[in-house]
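One letter stands for each residue in the lines below.
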Amino acid sequence: MFASKRLSKELTKLQDKLPPGIALVKADDFREWLMDIQVMDENPIYQGQTYRLKFTFSQSYPIEAPEVVFVRDESHPIPMHPHIYSNGIICLDLLDRQGWSPVHNVESVCVSLQSMLTSNTKNERPPGDDSFVRHNTQRPRDINFVFHDNAV
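Residues numbered from 1 in each chain as written. Predicted model: local features only at pLDDT ≥ 70, side-chain atom pairs only at ≥ 80, totals over all residues. Heavy atoms only, no water.

In the nomenclature of an unreviewed UniProt entry, the chain corresponds to UBC-like protein from the organism Karstenula rhodostoma CBS 690.94.

As structure tokens, then:
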């Protein structure tokens, strides 16, 4: 109940006005939303690209963080970044149980991801990407990432 009330408010705001480079693609229910983000500066790694995010909400949202992943399709690649696996899973403390706060919302997550991409200078995947993608069986919210690199 609380999740749908909060998401209803967020959806109304998202439909009204969004920051540059962020677009609401699909929000047919309060379970899963699709958002597109673009990096708005001249970063050559991401210039001209649009990336799709899938937000999956539990009934405990916003107390519990949404599950957020990049999704690949014919017109949306997975961005190259040392904290983004090739299957779209994002290693970001904001999305972790310890880093999440109910003051965050869909828009703030999108802005944080835009900022993370904007500041990146490394056109690479996380160490161990191939092995992680091949062997991981956990949902993103159940993975215990070790956050040790605040410079990227």
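A.B. asks: Is there a simple way to explain the nonpolar core in this structure?
C.D. replies: What tends to happen in soluble globular proteins is that the nonpolar side chains get buried as a cluster. Counting 31 residues, the largest nonpolar core has Ile37, Leu53, Phe55, Phe70, Ile90, Val106 and Leu113 as its most contacted members. Tallying contributions element by element places helix 2 (residues 106–118) first for this core, with six residues. Counting residues in hydrophobic clusters, the runner-up holds five residues, among them Val69, Tyr85, Ile89 and Phe132. (Core = buried A, V, L, I, M, F, W, Y, C linked by side-chain atoms within 4.5 Å. Buried < 20%, exposed > 50% of the residue type's maximum accessible area, 1.4 Å probe, protein only. Helix = DSSP H or I, 4+ residues; strand = E, 2+ residues; numbered from the N terminus.)

A.B. asks: What's the story with the sheet that holds strand 2 (residues 32–37) in this structure? I'm lost.
C.D. replies: Pairing between the strands of a sheet is mediated by backbone hydrogen bonds and can be parallel or antiparallel. Here four strands make up an open sheet; going across it, the order is 1-2-3-4 and the pairing antiparallel. The open sheet has two free edges, formed respectively by strand 1 (22–26) and strand 4 (67–71), since each of these has just one partner strand. Between one strand and the next, the sheet's axes are offset by a mean angle of 30 degrees, whatever the strand orientation. Bridging between strand 1 and strand 2 involves four bridges; their strand directions are antiparallel. Bridge pairing links lysine 26 to leucine 34 in strand 2. Contacting strand 1 and strand 2, helix 1 (residues 2–16) runs over the sheet at an angle of about 30 degrees to strand 2. (Pairing = 2+ DSSP bridges. Axes fitted to C-alpha atoms, helices over the stretch in contact; angles between N-to-C directions. Contact = heavy atoms within 4.5 Å.)

A.B. asks: Sorry if this is basic, but what is going on with helix 2 here?
C.D. replies: Every α-helical turn comprises 3.6 residues, leaving residues that sit three or four positions apart pointing alike. A rise of 1.5 Å per residue sets the reference length of helix 2, with its 13 residues, at 18 Å; its end C-alpha atoms lie 18 Å apart and thus fit the reference within 8%. Along helix 2, the residues classified as buried are Val106, Glu107, Val109, Cys110, Leu113, Gln114, Met116 and Leu117. Elements in contact with the buried residues of helix 2: helix 1, strand 1, strand 2, strand 3 (51–56) and strand 4. Of the residues flanking the start of helix 2, the one acting as N-cap is asparagine 105, its side-chain oxygen 3.1 Å from the backbone nitrogen of glutamate 107. (Expected span 1.5 Å × (residues − 1). Polar contact = N/O pair within 3.5 Å; in protein donor to acceptor, adjacent residues only side chain to side chain.)

A.B. asks: Help me understand the packing of aromatic side chains in this model?
C.D. replies: Both the distance between ring centres and the angle between the ring planes are used here to describe each pair of aromatic rings. A full pass over the atoms with the stated rule returns seven aromatic pairs. On the numbers, 6.0 Å between centres and 85 degrees between planes, the contact of tyrosine 46 with tyrosine 51 is edge-to-face. Both rings, one in phenylalanine 57 and one in tyrosine 61, keep their centres 5.0 Å apart while their planes meet at 65 degrees; by these two values the pair is edge-to-face. An identical accessibility class is assigned to phenylalanine 57 and tyrosine 61; each is buried. One aromatic cluster is present, built from ring pairs that chain together Trp33, Phe55, Phe57, Tyr61 and Trp100. (Phe/Tyr/Trp six-rings, centres within 6.5 Å; stacked < 30°, edge-to-face > 60°.)

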